[in-house]
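Fold and geometry: a report
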Amino acid sequence: MANVTFDTQWRESMRDLMDLLEMDPVEEEQTEEEAFQHHAFLYIKYVQVYKNLEECYDNVVHPQKRRDILVVLEAVMGRMLEIKDFLIRLRKSQYINLDDILVDLKLIPEVLELPVPRYFTEDRRKVIEEREKLLEKLMEQYQISQQAEEEKEEEEGGEFDRNDAIQIIQRNERGRQGRQRARIMKDIKEQEERERKREHGGGKFDEFSAAVMVQKVFRGHRSFMAAQRLRQEELEFIGMEPSRHAKGHVDPVQKQDATHHRRKIIQAQHEENYLNAIEEVRKKLEKHEGPDMREEMMETIWQWINKEKELKGAFPQYPEDEEGGSKIIFDPPPPPQEEEEDAEKDKKDKKDKKDKKEDKKGGKKDGKKGKDKKEKGGDDGENEEEKGMKPSHFILPMRKGTEDYVTIWQDKDESSNFAQRHDVEMLKEMLRPEVREIVRVKEVDPTMREELENWIKKEEMEKAAKAGKKGKGKGKGKGKGGKKGKGKGKGKGGKGGKGGKNKDPTSDRTTESLYAELVSNNIIQKIPDVRLTDYVGHFKNIDSIMSRAGVQVEPSMAQIRQALVETCIIPLGSQAVHESAPVVNTVLLYGARGTGKTMLAHAIAAETGATFINLSPMITNGKYTGKSVSLMLHMAFKVAKLMAPSVIYIDEADRVFLTDKKKLKDYPPLFEPAYRIKKDMLKEMKALKPEHRVLVVGNASKPYDCASSADFKAFKNFWNRIFYLPLPDYSSLQYLWKHLIEQKGGAVSKQLDIQTLSHIAYMSGYSAGAIEEVVKKLLTQRRVQKLDRKPLTCAEAIAALAKVDPVFAEEEANLHVSILSRAVLFCACAALISYVVCEMYSRTCFHFASLPSSSLSHAKNSGMDE
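For the structure given in this document, a descriptive report is provided here.

Criteria and thresholds
- Residues numbered from 1 in each chain as written.
- Predicted model: local features only at pLDDT ≥ 70, side-chain atom pairs only at ≥ 80, totals over all residues.
- Heavy atoms only, no water.
- Helix = DSSP H or I, 4+ residues; strand = E, 2+ residues; numbered from the N terminus.
- Buried < 20%, exposed > 50% of the residue type's maximum accessible area, 1.4 Å probe, protein only.
- Contact = heavy atoms within 4.5 Å.
- Areas by Shrake-Rupley, 256 points an atom, 1.4 Å probe, with all protein chains shown as cover.
- Core = buried A, V, L, I, M, F, W, Y, C linked by side-chain atoms within 4.5 Å.
- Salt bridge = Lys/Arg side-chain N within 4 Å of Asp/Glu carboxyl O.
- Patch = residues over 30% accessible without salt bridge, like charges linked within 9 Å, V, L, I, M, F, W, Y side chains within 5 Å.
- Lys, Arg positive; Asp, Glu negative; His and termini not counted.
- Charge placed at Lys NZ, Arg CZ, Asp CG, Glu CD.
- Pairing = 2+ DSSP bridges.
- Expected span 1.5 Å × (residues − 1).
- Bend = angle between axes of the 7 residues up to and from the residue.
- Polar contact = N/O pair within 3.5 Å; in protein donor to acceptor, adjacent residues only side chain to side chain.
- Phe/Tyr/Trp six-rings, centres within 6.5 Å; stacked < 30°, edge-to-face > 60°.
- Axes fitted to C-alpha atoms, helices over the stretch in contact; angles between N-to-C directions.
- Parallel < 35°, antiparallel > 145°, perpendicular 65-115°, else oblique.
- Left-handed = near helix turned anticlockwise from the far one by under 90°.
- Nonpolar A, V, L, I, M, F, W, Y, C, P; charged D, E, K, R; others polar.

So, on to the overall build of the protein. Of regular secondary structure, the protein possesses 37 helices and six strands. Here the protein, with 866 residues, has 38% of them falling under the buried criterion. Considering only residue pairs separated by 6 or more positions, the protein has 83% of its internal contacts joining residues 24 or more positions apart. Of the roughly 53,100 Å² of accessible surface on the protein, 52% is carried by carbon and sulfur atoms.

Turning our attention to the nonpolar core. In this structure, Y43 and Y46 are the most contacted members of the largest nonpolar core, which totals 81 residues. Excluding residues within four positions of it along the chain, Y46 makes contact with L17, L20, L21, D24, V76, R79, M80, I83 and M398. Core analysis: the next-biggest nonpolar cluster, separate from the first, contains 45 residues, L518, V629, I677 and M685 among them.

Inspection of every chain in the model, using the stated rule, returns 33 salt bridges. Each of the salt bridges in this network shares a partner with another, and the network as a whole consists of E54, D58, R118, E122 and K264.

All right, on to a negative patch on the surface then. There is a patch of like negative charges on the surface, built from E320, E322, E323, E450 and E453. Looking at where E320 falls in the secondary structure, it is placed in the loop between helix 11 (290-312) and helix 12 (327-330).

Moving on, we get to the sheet that holds strand 5 (residues 694-700). Strand-to-strand pairing in sheets goes through backbone hydrogen bonds, with the strands running parallel or antiparallel. If you trace the six strands from one edge of the open sheet to the other, you get 1-3-4-5-2-6, paired in mixed fashion. Only two strands of the sheet have a single partner each, and these edge strands are strand 1 (524-525) and strand 6 (721-725). For strand 3 (residues 611-614) and strand 4 (residues 646-650), the ladder comprises four bridges, and the chain directions are parallel. What sits directly across from I613, in strand 4, is I648.

To continue, consider the pairing of strand 2 (residues 586-591). For strand 2, a buried count of six out of six residues is recorded, marking the element as mostly surrounded by other parts of the structure. Where burial is concerned, the two faces of strand 2 agree: the one with T586, L588 and Y590 and the one with V587, L589 and G591 are both buried. With five bridges connecting them, strand 2 and strand 5 associate as parallel partners. The partner of T586 across the bridge, within strand 5, is V696. Across five bridges, strand 2 lies against strand 6 in parallel orientation. Looking at strand 6, one finds that Y590 is bridged to Y724.

What follows deals with helix 16 (residues 424-467). With 44 residues, helix 16 ought to run about 64 Å at 1.5 Å a step, and its terminal C-alpha atoms sit 61 Å apart, in line with that. Of all the bends in helix 16, the greatest measures close to 40° and is centred on R440. Backbone nitrogen of E425 and a side-chain oxygen of the N-cap are separated by 3.0 Å at the start of helix 16; the cap is D423.

For the rest of this paragraph, the subject is the packing of aromatic side chains. Describing an aromatic ring pair means giving the distance of the ring centres and the angle of the ring planes. On inspection of all chains with the given rule, the structure shows twelve aromatic pairs. An angle of 85° between the planes, with centres 4.8 Å apart, marks the rings of F718 and W719 as edge-to-face. The class of F718 is buried, set by a relative accessible area of 8%. Classification of W719 by relative accessible area gives buried; the value is 5%.

Here we take up the environment of P703. Residue position: P703 is located in the loop between strand 5 and helix 28 (704-707). The exposure class assigned to P703 is buried, which follows from its relative accessible area of 1%. The spatial distance from the C-alpha of P703 to the C-alpha of F715 is 9.0 Å, given a sequence separation of twelve residues.

Close contact between helix 24 (residues 629-642) and helix 27 (residues 678-686) brings their axes to 9 Å; oriented N to C, the two are set at 30°. Classified by the interaxial angle, the pair formed by helix 24 and helix 27 is roughly parallel. Note that helix 24 runs across helix 27; the crossing there is right-handed. For the pair helix 24 and helix 27, contact is made by V629, S630, L633, H634 and F637 and by D680, M681, E684 and M685, respectively. Partitioning the contact of helix 24 with helix 27 into residue classes produces five nonpolar, two polar and two charged.

The next thing to look at is the environment of N306. Relative to the elements of secondary structure, N306 occurs in helix 11. Its relative accessible area of 39% is what places N306 among the partly exposed residues. Considering only alpha carbons, one finds N306 and P316, ten residues apart in sequence, at a separation of 9.0 Å.

With respect to the secondary-structure elements, R721 resides in strand 6. Side-chain polar atoms of R721 contact the side chain of D85, separated by 3.2 Å. In contact with R721, not counting residues within four places along its chain, are D85, Q94, T567, V584, T586, V587 and L588.

Spanning 29 residues, helix 3 (residues 63-91) covers 42 Å between terminal C-alpha atoms, matching the ideal 42 Å at 1.5 Å per step. Across the 29 residues that make up helix 3, a large majority, 23, are buried. One or two residues past the end of helix 3 sits K92, with phi positive at roughly 55°.

Moving on, we get to a nonpolar patch on the surface. Together, I184, M185 and I188 make up a nonpolar patch on the protein surface, roughly 260 Å² of accessible area in all. With respect to the secondary-structure elements, I184 resides in helix 8 (residues 162-200).

Let us now look at a positive patch on the surface. Taken together, R179, R183, R782, K786, R789 and K790 make up a surface patch of like positive charges. Secondary-structure assignment places R183 in helix 8.

Now for the environment of P582. With respect to the secondary-structure elements, P582 resides in the loop between helix 21 (575-580) and strand 2. Counting along the chain gives 498 residues from P582 to K84, while the straight-line C-alpha distance between them is 9.8 Å. Discounting residues that sit within four places of it in the chain, P582 has contacts with L81, E82 and D85.

Another point: the packing of helix 31 (residues 754-764) against helix 34 (residues 794-802). Helix 34 packs onto helix 31 with a crossing angle of 15° between their chain directions and a minimal axis gap of 10 Å. The orientation of helix 31 relative to helix 34 falls into the category roughly parallel. The handedness of the crossing between helix 31 and helix 34 comes out as right-handed. For the pair helix 31 and helix 34, the contacting residues are T756, L757 and I760 in the first and C794, A797, I798 and L801 in the second.

Okay, structure coming up:
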């Protein structure tokens, strides 16, 4: 696409943003439902603006435009997260269903699909590549990669023994001979049939009859092919069949990717030229405009000196560098009005104290009543604050960004800049304040300070000569200087004393040594090439209707992707958003086996280019035993802060918080209990600050073990967000089968009925991981080579699917009853709602229809107790 395309898209996005800023924030009072509808509308519009700006920033090649777009983009992302957090607090649910609003706006659900900002990794490509090279070098040094490769080879299968190899060869040879024999027999039968027809004659046709017969066959064949072509086009149009292009046809997606690749090359070249031009223009400004700036500033300072001398009768003291130097002269602080305000406050405080004393004397009898009222009213006040929209940190940057766009770019004539290179005049305007500051600090301040001191000394000498007290004046000056020197020495000593109290056990070690030690213990790991889009699934279209009917619906896989982008990826990838947006430092992903928990943890780290630190019990087992576990956690969190962004991953997170010895027996044995890291981990989490881009991601497949024990409170309170990963629904399964088959090099043919496979997998309760395992077994390298001659059939897929265990109804029911009723839902009677959900699902024959009566009675009883 041309540059003007993205310029137009940028212009339209900024216009939409200006319209949004007129409605945001809301100044009028609103009911809860009005506030939800209004902010849901704002959220949808902000999502649209965000997607357009992200695409503009990724494709625009003008370096100065990209910087202005980035400022607005980060502000829009932050405001989008603020509004989403407000909607979550209003609805008291992790997932917000906006189906009805999308219908009113005539939008499809895919509008809410949030793409991951590509600049998170592309703008840090060099840093990420250097870090990957260092990690690979260390892994090779400690022989970690070789062990992993050996394990993979063992999993794929070792060498055949002699007898097995002979049997395989015999089977293939017998099959080849049988096929050859069948082919020969077929040819013999055909030859015999031809000879038999020749002997019996078979009747002769005249020319007219022969022509009619040929025409009939030809016309029938042509009509059949036309009908087949029309049917294929219709199926391709409605998405029921993959599109088949003619020879020489260029796929538009491939063409777009090639164009995007060329734009990224030009973008990198322009960025490099822009960075080089900054140094060149700075030097030119210092050389050509620096002297004029110097003279202008010195003249202004002399005017200030003369003015101060006229007012006070003596030369003023030149401002110290710690106070800002001559910057105070050019930008004087506002006139002091604080003294008057402080005096008025003191008067009011005195009056308030008198009133309080009088109230204490006359209000002792009603003290208890007042306390009760405060206690009752305090909760209401807190609830009102929680429900209300907090002041935004991103509206001012958005307004400034729109103003800069209007003043700089909206009416700018770029007819002479077809290649979209940087603007030199704009660069000069940007660098002049910086050059002026350099000239002021390096040249003006030292010169003027020295000259002023000389004038002060000259004046003192003249006064001393007149009074005859020249020596005394010098002595006093030395004495004062000596006192100052002592004072400074004391100050330094004090600082040194505070600095001596350092509790960091690794203060004498470099970051590289800590990083290498963690790699040697396989705690810092290489991230697989996984993306969030690999978590395949669609939105649901009737969630809001079911929610209104009182049914607690499961989140769709698209909603989970959306929630992880908002909660984890955007705050972790952007420093500006992380410091001001609602903070989320811990996230729990729980669900049945094979639902994609580990893959999503890897995807979060891969999409942000984060350091991946694995503190799972199976990884840390036997390492840093005893009291040294605190050192391990300190090192892990220190490296995570210094090499941010970072993801700290804990697999089997429920095991870390579980102290029940009876339930621990169900897990694989460890050298030391998994909960040994809990205490130090809580301590390290408290030390995290808003500027630290560190995210702790936990996975759990048996969280109900903690839900029914005394560790439930600690387990629940540790996680800021808890996401349930459900089994894929029918529509997601259709897309998942197709996606995995094409990813492994296969193709979906007519013989492979995707709808039937999806229905079987949905009703049986197969997870996405189980289907991926089936596709891996089906599409071996040899089977892929035979697909042209022998397409994949539905019978093959069903046979492979039968060999994989699904997620059984009891396992999924435990997740629903134990966790949805206590950890995720905010309402007090959530366990009873889960009971109603299970009842409805059992009536409609869903995939966990056969819930055991014991689980249902447990949900009902726990809901009544709570």
